[in-house]
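Observations on the model geometry
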Amino acid sequence: MITNAALSNEDLLARLVAFDTVSCNSNLPLADFISDYLDLPGVTIEQHRSPDDQKANLVIRTGAAEADLRAGLTLSGHMDVVPAEEPDWRSDPFSLTEENGALVGRGACDMKGFIALAVNQLHRVSRLAQAHAFALVLTYDEEVGTLGARHLVENWPGIRSLPKNVIVGEPTSLHAVRMHKGHVKIAIELSGKAAHSGYPHLGRSAIEPAGKVIAALTELRTELESERAPNSDYFSEVPYPALNIGTVRGGVAVNVIPDECVIEVGIRTLPGMPSEQLADRVRKCLVRSVGSSNFRMRQSGESPPMELASDAQLYETIVEELKQQDTHAASFATDAGWFQSAGMECVLFGPGDMENAHRANERISISQLREAEAILHKLIDHFCGTEY
């Protein structure tokens, strides 16, 4: 155990940022630190390991057992961060610094700022009597496809015993967001036959048909841009399922006929839009362009969209606290899509602006961090029935 004394939110955030949890690295040192920090009476801590045993989700709970296991509140965040390789950082990305009323460091905004608040709130609540449970779910590899949340939902039966009201603390500038897009990833593999380029009759290029595939996918992208779904009005900037041809890889040398080419495609699905239908449309456009036997297609990843009813108790409570009138939606995917599939009711809500994430000198406003703390304090006391 490190200590039973709580750190300030800013000091705790500095400790969290100091762990280099870029998704290619193990997050176990950070998971162990949080586990030790919250090793308190009445707190249960479970580490749910990844298939390769190099990473872990954390599920941390406090509160007496009760008949209605789904009452209470869950706060969730991801422990991984994007790489910090931008050349214009003004300070060490993994050393939290203060600049013009903001805290700067990789993950400060997305989303270790929220995690610091959530962890300290559980530290606080663990010493109080509670009518209902309070839980934290901290995941790995959200940034590379919500992998930790998916593994937790699909392989840990206990997910359905957690409080169903979930705040996922993505940086939303303190707006309550009740829906977001999903992300379907598709890999298209084209095969050829390798040969010396001086003897082309002995080989068959895998890259040449890829040109036809790219042209067909571009036509499909244009079709999708003209279509609208029931929730399109909430996504005013991009009201359609956005298709992106993200990567094309093939060939080994200019004098070798390429025997393989892989095209990776991502589609941002709207809530209520089945990913299987879009994948089928991709497959049909490939068949039209190169024939049914000249490619292999597989779904290489999925982050489901999320939609919560406007009259859900958690959403109504948060918007009332915020005095929020408008419905906000996010065009990015989060762990909430997987949690929703486990019967959880999710709202995105957290300090920080997503425009300050995934870039050099990532920052979070100190004033917004403190405002978020006060709001979370009220919501936790409301849903968990804490007694002083």
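Conventions and cut-offs
For every chain, the first residue of its written sequence is number 1, and the numbers climb from 1 along that sequence. This being a predicted model, a pLDDT of at least 70 is required before a residue's local features are given, and a value of 80 or more before pairs of side-chain atoms are given or counted; all residues contribute to the totals for chains, interfaces and linings. Water and hydrogen atoms were dropped before computing side-chain values, which therefore reflect all heavy atoms in the structure. Going along the chain from the N terminus, every DSSP run of H or I of four or more residues is numbered as a helix, and every run of E of two or more is numbered as a strand. Radius of gyration: C-alpha atoms only; globule rule: 2.2 Å multiplied by the number of residues to the exponent 0.38. For each residue, the accessible area found with a 1.4 Å probe, counting protein chains only, is set against the maximum for its type, and the residue is called buried under 20%, exposed over 50%, and partly exposed in between. Accessible areas in this description were obtained via Shrake-Rupley with a 1.4 Å probe; residue shielding takes into account the shown protein chains only. Salt bridges are defined by distance alone: a side-chain nitrogen of Lys or Arg within 4 Å of a carboxyl oxygen of Asp or Glu. The criterion for an aromatic pair is that two Phe, Tyr or Trp rings (for Trp, the six-membered ring) have centres within 6.5 Å, with stacked assigned to planes under 30 degrees apart, edge-to-face to planes over 60 apart and tilted to the rest. Pairing between strands requires that DSSP locate at least two bridges from one strand to the other. Orientation is described by lines fitted to C-alpha atoms, with helices fitted over the stretch in contact, and by angles between N-to-C directions that extend from 0 to 180 degrees. Orientation is classified from the angle alone, with under 35 degrees giving roughly parallel, over 145 giving roughly antiparallel, 65 to 115 giving roughly perpendicular, and any other angle giving oblique. A contact between two residues is defined here by any heavy atoms of the two lying within 4.5 Å. Under the grouping applied here, Gly and all other residues not named as nonpolar or charged are polar, the nonpolar ones being Ala, Val, Leu, Ile, Met, Phe, Trp, Tyr, Cys and Pro and the charged ones Asp, Glu, Lys and Arg. In the analysis that follows, any N or O atom pair within 3.5 Å is treated as a polar contact, provided that within protein one partner can donate a hydrogen and the other can accept it, and provided that, for residues neighboring in sequence, both atoms belong to side chains. Among the buried residues, those of types Ala, Val, Leu, Ile, Met, Phe, Trp, Tyr and Cys that are joined through side-chain atoms within 4.5 Å form a nonpolar core.

1. Describing the overall build of the protein
Looking only at helices and strands, one finds nine helices and 18 strands in the protein. Its C-alpha atoms give the protein a radius of gyration of 23 Å, near enough to 21 Å, the size a compact globule of 388 residues would have. Across the 388 residues that make up the protein, the buried fraction comes to 53%. Of the roughly 17,000 Å² that the protein leaves accessible, carbon and sulfur atoms contribute 48%.

2. Description of the pattern of salt bridges
Across all of its chains, the model carries 19 salt bridges by this definition. Where Glu99 meets Arg90, a salt bridge forms, and the shortest distance between an N and an O atom there is 2.7 Å. Residue class for Arg90 comes out exposed when judged on its relative accessible area of 57%. As a salt-bridge pair, Arg221 and Glu225 come within 2.9 Å of each other at their nearest N and O atoms. On the criterion of helical spacing, the pair formed by Arg221 and Glu225 is a turn pair, its members being four residues apart in helix α5 (residues 208-225). Connected through salt bridges with shared partners, the residues Glu86, Arg106 and Glu362 form a single ionic network.

3. Points about the packing of aromatic side chains
Considering all chains together, one arrives at two aromatic pairs under this definition. Each ring, one from Phe19 and one from Phe33, has its centre 5.6 Å from the other, and the planes form 40 degrees; the classification is tilted. Taken as a pair, Phe19 in the loop between α1 (9-17) and α2 (28-37) and Phe33 in helix α2 lie far apart in primary sequence, 14 residues in all. Using a relative accessible area of 6% as the deciding quantity, one classes Phe33 as buried. With a centroid separation of 6.1 Å and an interplanar angle of 20 degrees, the aromatic rings of Phe33 and Tyr37 are classed as stacked. Highlighted residues: Phe33 and Tyr37, both in helix α2, separated by four residues, approximately one helical turn.

4. Here's the deal with the pairing of strand β13 (residues 260-268)
Here is the key point about a regular strand: its side chains alternate between the two faces of the sheet. As paired strands, strand β9 (residues 183-191) and β13 are joined by eight bridges and run antiparallel to one another. If you follow Ile186 over to β13, its bridge partner there is Val265. Bridge count for strand β11 (residues 242-250) against β13 is eight bridges, and the pairing is antiparallel. Of the residues in β13, the one forming a bridge with Arg249 is Val262.

5. Section: the packing of α1 against α2
Between α1 and α2, the shortest axis-to-axis distance is 10 Å and the interhelical angle comes to 150 degrees. Here α2 runs roughly antiparallel to α1, going by the angle between their axes. On α2, the residues touching Leu12, Arg15 and Leu16 of α1 are Leu30, Phe33, Ile34 and Tyr37. Grouping the constituent residues of the contact of α1 with α2 by class yields six nonpolar, no polar and one charged.

6. A few points about the side chain of Arg363
Looking at the secondary structure, you find Arg363 in strand β18 (residues 363-365). Note on Arg363: relative accessible area 19%, which makes it buried. A distance of 2.6 Å separates polar atoms of two side chains, one belonging to Arg363 and the other to Glu99. Beyond its immediate chain neighbours, meaning those up to four positions away, Arg363 contacts Arg90, Glu99, Ala102, Leu103, Val104, Cys109 and Asn356.

7. Examining the nonpolar core
In terms of nonpolar packing, the biggest core is built from 74 residues, with Ile34, Leu73, Leu75 and Ile167 touching the most fellow members. For this core, the element with the most residues is helix α3 (residues 108-125), which contributes ten residues. Not counting chain neighbours up to four residues away, the residues in contact with Ile167 comprise Leu73, Thr74, Leu75, Ser76, Phe114, Leu314, Ile318, Val347, Phe349, Leu376 and Leu379. One finds Leu217, Leu220, Cys285 and Phe295 within the second-largest nonpolar core, a separate group that totals 29 residues.

So, to be careful, I would describe these as geometric facts and stop short of saying anything about function.
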